Amino acid sequence: MKIIRKTAIRAEIPTASMADIAFLLIIFFMVTTVFSSNRGLELSLPREDPSTSAPSPEEAVFLQVRPDSSLLADCRPMQLADLLDYMATRLEKNPRKPVILYTHPDAPYQAMISVYDVLASAQAERGFKVLNLSIPTQRDMDEYVRLFGSNPLEAACR
Amino acid sequence: MRLERSRKAEAIIPTASMADIAFLLIIFFMVTTAYEVDRTQVRLPLSRTRQESQKGAAVVVIARDPKSGAVSYRFSDGRRTSRAVGSPSDVYLEASRITYGEPTRPFVVKADATLRYAQVDEVLDQLRSAGAENLVLLTRQKGAKEPS
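Report on the accompanying structure. Source: prediction; values computed, not measured.

All names here are of chain A. Here helix H3 (residues 109-120) contains 12 residues, and its C-alpha end-to-end distance of 16 Å stays within 8% of the 16 Å for a straight helix at 1.5 Å per residue. The buried count for H3 comes to 11 of 12 residues, which makes it a mostly enclosed element. Those residues of H3 not exposed but buried are Tyr 109, Gln 110, Ala 111, Met 112, Ile 113, Ser 114, Val 115, Tyr 116, Asp 117, Val 118 and Leu 119.

All told, the structure shown has 13 salt bridges over all chains when counted by the stated rule. Here Arg 80 of chain B ties to Asp 77 of chain B by a salt bridge, and the two come within 2.8 Å at their closest N and O atoms. Its relative accessible area of 61% is what places Arg 80 of chain B among the exposed residues. You can call Asp 77 of chain B buried: its relative accessible area is 15%. Several salt bridges converge on common partners, so that one network encompasses Arg 139 and Asp 140 of chain A together with Asp 125 and Arg 128 of chain B.

Now for the pairing of strand S3 (residues 58-64) of chain B. All names here are of chain B. Of all the 7 residues making up S3, 6 are buried; the element is thus mostly covered by neighbouring parts of the structure. For S3 and strand S6 (residues 107-111), the ladder comprises 5 bridges, and the chain directions are parallel. What sits directly across from Val 59, in S6, is Val 108. Across 6 bridges, S3 lies against strand S4 (residues 71-76) in antiparallel orientation. Paired with Val 60 across the two strands is Phe 75, which belongs to S4. Once S3 ends, the chain turns through 6 residues before running back antiparallel as S4, passing Gly 69 with a positive phi of about 80°.

Here the focus is empty space enclosed by the protein. A probe as big as a water molecule, rolled over the atoms, marks out the empty space that is left. What the rule picks out here adds up to 1 cavity of 30 Å³ or more. Tyr 102, Thr 103, Pro 105, Pro 136, Thr 137 and Gln 138 of chain A together with Tyr 117, Ala 118 and Asp 121 of chain B together form the lining of the largest cavity. Secondary structure elements with two or more residues in the lining of the largest cavity: strand S5 (99-103) of chain A together with helix H3 (117-129) of chain B. Ranked by residues supplied to the lining of the largest cavity, first place goes to H3 of chain B with 3 residues. Here the residues of the lining of the largest cavity are counted per class, giving 5 nonpolar, 3 polar and 1 charged.

So, on to the sheet that holds strand S2 (residues 61-65) of chain A. Residues and elements named next belong to chain A. Pairing within the open sheet is mixed, and its 5 strands lie in the order S4-S3-S2-S5-S6. Bordering the open sheet on either side are strand S4 (76-78) and strand S6 (133-134), each of which pairs with just one other strand. With 3 bridges joining them, strand S3 (residues 71-73) and S4 adopt antiparallel strand pairing. What sits directly across from Leu 71, in S4, is Met 78. Sitting on the sheet, H3 touches S2, S3, S5 and S6, and the angle it makes with S2 is about 150°.

Here the focus is the interface of chain B and chain A. On the chain A side, the residues contacting the 45 residues of chain B number 48 residues. Together chain B and chain A conceal approximately 4600 Å² of surface at their shared face, both sides included; 56% is due to carbon and sulfur atoms. If you sort the residues of chain B by the area they bury against chain A, Tyr 117, Arg 128 and Leu 137 of chain B come out on top, with a joint share of 17%. Our count for the chain B to chain A interface comes out at 4 salt bridges. Measuring nitrogen to oxygen at the nearest pair gives 3.1 Å for the salt bridge that ties Asp 140 of chain A to Arg 128 of chain B. Put simply, chain B and chain A have 17 residue pairs in polar contact (both at pLDDT 80 or more) between them.

Turning our eyes to something else, we now look at the sheet that holds strand S5 (residues 83-85) of chain B. Note on sheets: strands pair through backbone hydrogen bonds, and any given pair is parallel or antiparallel. If you trace the 7 strands from one edge of the open sheet to the other, you get S2(B)-S1(A)-S7(B)-S6(B)-S3(B)-S4(B)-S5(B), paired in mixed fashion. Lying at the two open borders of the sheet, with one neighbouring strand each, are strand S2 (51-52) and S5 of chain B. Sheet strands in contact with H3 of chain A are strand S1 (39-44) of chain A together with S6 and strand S7 (134-138) of chain B, and its direction is about 80° off that of S1 of chain A.

Rules and cut-offs
Residues numbered from 1 in each chain as written. Chains lettered and ligands numbered in written order. Predicted model: local features only at pLDDT ≥ 70, side-chain atom pairs only at ≥ 80, totals over all residues. Heavy atoms only, no water. Helix = DSSP H or I, 4+ residues; strand = E, 2+ residues; numbered from the N terminus. Expected span 1.5 Å × (residues − 1). Buried < 20%, exposed > 50% of the residue type's maximum accessible area, 1.4 Å probe, protein only. Salt bridge = Lys/Arg side-chain N within 4 Å of Asp/Glu carboxyl O. Pairing = 2+ DSSP bridges. 1 Å grid on protein atoms, 1.4 Å probe; cavity = no way out; pocket = protein on both sides within 12 Å on 5 of 7 lines; lining within 4 Å. Points joined across faces, edges and corners; volume = space filled by probe spheres on them. Nonpolar A, V, L, I, M, F, W, Y, C, P; charged D, E, K, R; others polar. Contact = heavy atoms within 4.5 Å. Axes fitted to C-alpha atoms, helices over the stretch in contact; angles between N-to-C directions. Buried area = accessible area lost by both parts, 1.4 Å probe. Polar contact = N/O pair within 3.5 Å; in protein donor to acceptor, adjacent residues only side chain to side chain.

Written out as structure tokens, the structure reads:
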């Protein structure tokens, strides 16, 4: 009689290289990962509508950023640290009062952002919100100059 | 005489959990990874208030060469990697293409802090003309480390 040798093969999944593959993937993701840094200040652009005009400085809070980065609030020099106090007083009666932020074309972008940052922080710092902020573009100003012969926002402070 | 039993312990590093740890790390990186559509080095302005921009927002880059002062523009629809565009009017064309199909698509403006405001204003004006409404002006957290 022939004796049959027991040759049962154990089923096994070879996992020796799994860790290698996994670490390879980790390195790939570590190298390609860029943690999202898309944070900034929200800004809503007005719709293109020729019938809507910018509010005039007389009926609004008029903030002007000058080429030397200094700030004028209603034509008076203003420190950034004092701006929120001033805004709180001006918007106390009418929170929907328009606020015009006009930046001179030669002013640095950072100067405009600094002022805008202070206005955006009003809710968190003082509990009120600048609801009606208008940032006129240079094209708006050119249009005014064409119609009235001078920049009304700059002329308001003369 | 007492016979010494051979008790050689085999040195083994337990590697059973290594794959688990590795896969955990992979999942972490897969979840947190965000492929940036634009990697242009720009000195962003500083601000204290910062909101997260929406995912898939179109990106407009206004970069300034610190040595020559030359201004360059890049645009991305938020899905493909950004590419150079010649002027703000090209930004208008690209933005119009997006707002035509998706009027509410947000835009991200990544502009250099040292630019003259007129150069940013020109792009904002083109975006407005193209029908863009929701913007995020990218900034850096006040007190954050200066990028090298």
